[in-house]
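Understanding the architecture of this molecule
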Amino acid sequence: MSVKQPSPLGNRKPCDPPSEKSTNSFWHSQPSALLTAHRSTRNLPKTADVVIIGSGMTGASVAHHLLNDTHGDSQGEQKYPSVVMLEAREACWGATGRNGGHCQPVLFEHPHDPSIAHFELANFHALQNLIETKTIDCEFTAQPGVRAIYSSQVLTDIELALLTIQGTAPELAQKMRLVTKKSELESLRIPKAMGAVVTSIAARMWPYKFVSRILEDLLTSSESLSGTFNLQTLTPVQSLTPCSNEEGWTVQTPRGTILASNVVLATNAYTSHLLPSFSDLIVPCRGQMSALKPLDSVAGEKRLKTSIGFMGEGVDDYLIQRPDGRGGELMFGGGRQYGPSMGVTDDSEIDDETARYLRSNLVETLGLPEGKEMEGGGRMVVCQFCRMRKVRCSGVCPQQPCTNCVTFGAQCRSTSYKTWGTPTHKEFQATHEWTGIMGFSRDELPWIGPVPDKRNLYVAAGFTGHGMPNTWLCGKAVALMLQRGTGTLDVTVTDREIRLEALAQDVRLPRSYLVTKRRIERAMQLEDVGAKDRAEMERWRRLQKRADRPHSGYA
């Protein structure tokens, strides 16, 4: 397992490349025949106008908009670029093909910068419209979104954010409502929550199928494109080197090199592997997912009718449910507090404790009848080790925790439950369990645009686990930047930033997403991503020791 030790401030090492093998994502259970092991040409092209590294939603968006939209260069001349996309593994085998299928704009998270919420809304509607126009079968279903709150501090923060938004963006405030009434929380299937923010703007979808269709169209619609598209899978990029004439880049792979006039890093978590200066700005973080067969209480008419995000101290879980006629699996992800996560780049294995959490947590969190305690003598106590399962205690042992709990706990840690301890409820059965690597941004915002002091090198990465409501239009923004030649170093820094801000307005890209020297300097004054995450997880652990903690494991 590639677990990097915490590094001193400003001294993180570049991350490892994607692991050669990976866990089996449910979203890859129906792979595209055209894209599997696809190489548009037997050999790599010698040159390209644009090389896009990464074939997830961001990379697919850059290629789609670059080759389908009417465009010209900065002097207004028409361009017909040759675009090469390089992917280390199969197409869409990274975070997009491993996420939760959860597309929910969060409108209250940046109350002092409403442009971010407006951008997420625009991204949502852009995806929705494109899917309808192309009739893409990716299970995109608009439905209410719920952000369930399990912490008094988080609830207070959100109440303040909603109050602020009423002044900064009342049109956004109208799209949300805060629910704290117990009966309504129960109707939302989150009976143990302290509150929830509910909006009508959210969706569930099969992200791999969406990206697959976009890439398939680029490969099969060459006559209607404004350039050429060449996809090379199973081709990891090892390094980037500026050309001697400083007009482009040498892209090194195990299969040879490509001389590229422009390079786009749609590499998210793995960005610092090729761009070491971003080691402290975007840090890999492993997430874990599960596809769970529905129990009777969440099947058919009783199925979930919302997408849910669970918020608490150190907790950020997410849940959708697939269509009934196609299996109805509950796609549940999170549980980072139970296993290695920050700094991990290896998605070839799952964490057993996190997997148990994902299989068992929803029964109690959703208040399902299958959670009724089993018959038998003795009282039920929480296992002092896993903090998830309960064991039956005779109550005669004076030790705290009692000897029986210690015995069960030792087995609990070794994943065996065949001891005297008895779980109080059913687990969901998982059809698939997998991991994926997210890219956590130091200032919690994506990094979009030309890299300062790097001619014609662009980045679109660092989505911090919130890529679905951001990546598509971020990719469009980068395509527009390429078309207008904003990667040049032939203008002053100030002029370049003015151009970028004007261009960002065309796609409503928040100014705070743009890559600038000033933003990098400000970000480096913030707490290290890993240090911040460790502090959050420590708060969660302290809360778990409280006797009145929510049984669901949320704080």
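Refer to the structure above for everything that follows.
Residues numbered from 1 in each chain as written. Predicted model: local features only at pLDDT ≥ 70, side-chain atom pairs only at ≥ 80, totals over all residues. Heavy atoms only, no water.

An α-helical segment advances 3.6 residues per turn. Residues three or four places apart therefore align on the same side. Between its first and last C-alpha, helix H10 (residues 471–483) extends 18 Å over 13 residues, near the 18 Å set by a 1.5 Å rise per residue. For H10, every residue scored as buried is listed here: Thr471, Trp472, Leu473, Cys474, Gly475, Ala477, Val478, Ala479, Leu480, Met481, Leu482 and Gln483. Looking one or two residues beyond H10, the residue adopting positive phi is Gly485, at roughly 65°. (Helix = DSSP H or I, 4+ residues; strand = E, 2+ residues; numbered from the N terminus. Expected span 1.5 Å × (residues − 1). Buried < 20%, exposed > 50% of the residue type's maximum accessible area, 1.4 Å probe, protein only.)

Turning our eyes to something else, we now look at the sheet that holds strand S19 (residues 430–441). Taking strand neighbours across the sheet as the criterion, the eight strands line up as S6-S7-S5-S14-S15-S16-S13-S19 in an open arrangement whose pairing is mixed. Strand pairing shows two members of the sheet lacking a second neighbour, strand S6 (176–179) and S19, which therefore form its edges. For this sheet, the mean angle separating the axes of adjacent strands, direction not counted, is 20°. As judged from the five bridges shared by strand S5 (residues 145–149) and strand S7 (residues 195–199), these two strands associate in the antiparallel manner. Of the residues in S7, the one forming a bridge with Val146 is Val198. Against the sheet, helix H8 (residues 352–365) contacts strand S13 (282–292), strand S14 (307–312), strand S15 (315–321), strand S16 (330–333) and S19, and its axis sits at roughly 60° relative to S13. (Pairing = 2+ DSSP bridges. Axes fitted to C-alpha atoms, helices over the stretch in contact; angles between N-to-C directions. Contact = heavy atoms within 4.5 Å.)

Over its 14 residues, helix H11 (residues 493–506) runs 21 Å from end to end, which matches the ideal 20 Å to within 8%, given 1.5 Å per residue. For H11, the complete set of buried residues consists of Arg496, Glu497, Leu500, Leu503 and Ala504. Within H11, the buried residues cover an arc of 125° as seen down the axis, which keeps them to one side. In H11, those exposed residues whose orientation departs by more than 90 degrees from the buried face are Thr494, Ile498 and Gln505. Close packing links the buried residues of H11 with strand S20 (447–450), H10 and helix H12 (517–523). Once H11 ends, the next one or two residues include Arg508, with phi positive near 60°. (Arc of directions from axis to C-beta.)

Moving on: the side chain of Arg204. The topology assignment puts Arg204 in strand S8 (residues 203–204). Buried and without a salt bridge, Arg204 has Glu139 as its closest oppositely charged side chain, separated by 5.3 Å. Engagement of the side chain of Arg204 in a polar contact is seen with the side chain of Gln143, the distance being 3.2 Å. Residues in contact with Arg204, not counting those within four places in the same chain, are Gly101, Glu139, Phe140, Thr141, Gln143, Arg303, Ile320, Gln321, Arg322 and Pro323. (Lys, Arg positive; Asp, Glu negative; His and termini not counted. Salt bridge = Lys/Arg side-chain N within 4 Å of Asp/Glu carboxyl O. Polar contact = N/O pair within 3.5 Å; in protein donor to acceptor, adjacent residues only side chain to side chain.)

Further remarks concern the nonpolar core. Counting residues in each nonpolar core, the largest one holds 87 residues, and the members touching the most others are Phe210, Phe229 and Leu509. The element best represented in this core is H10, accounting for nine residues. For Phe229, the residues in contact, after removing those within four places along its chain, are Ser40, Ala63, Leu67, Val83, Met85, Leu215, Leu218 and Leu219. Ranked by size, the runner-up nonpolar core spans 29 residues in total, among them Tyr150, Leu185, Val298 and Tyr357. (Core = buried A, V, L, I, M, F, W, Y, C linked by side-chain atoms within 4.5 Å.)

With that settled, the discussion passes to the sheet that holds strand S3 (residues 102–103). Pairing in this open sheet of three strands is antiparallel, and the strands run S3-S8-S4 from one edge to the other. The open sheet terminates on both sides in strands that have one partner only, identified here as S3 and strand S4 (141–142). Of the strand pairs in this sheet, S3 and S8 are connected by two bridges, and their pairing is antiparallel. Looking across to S8, one finds that His102 is bridged to Arg204.

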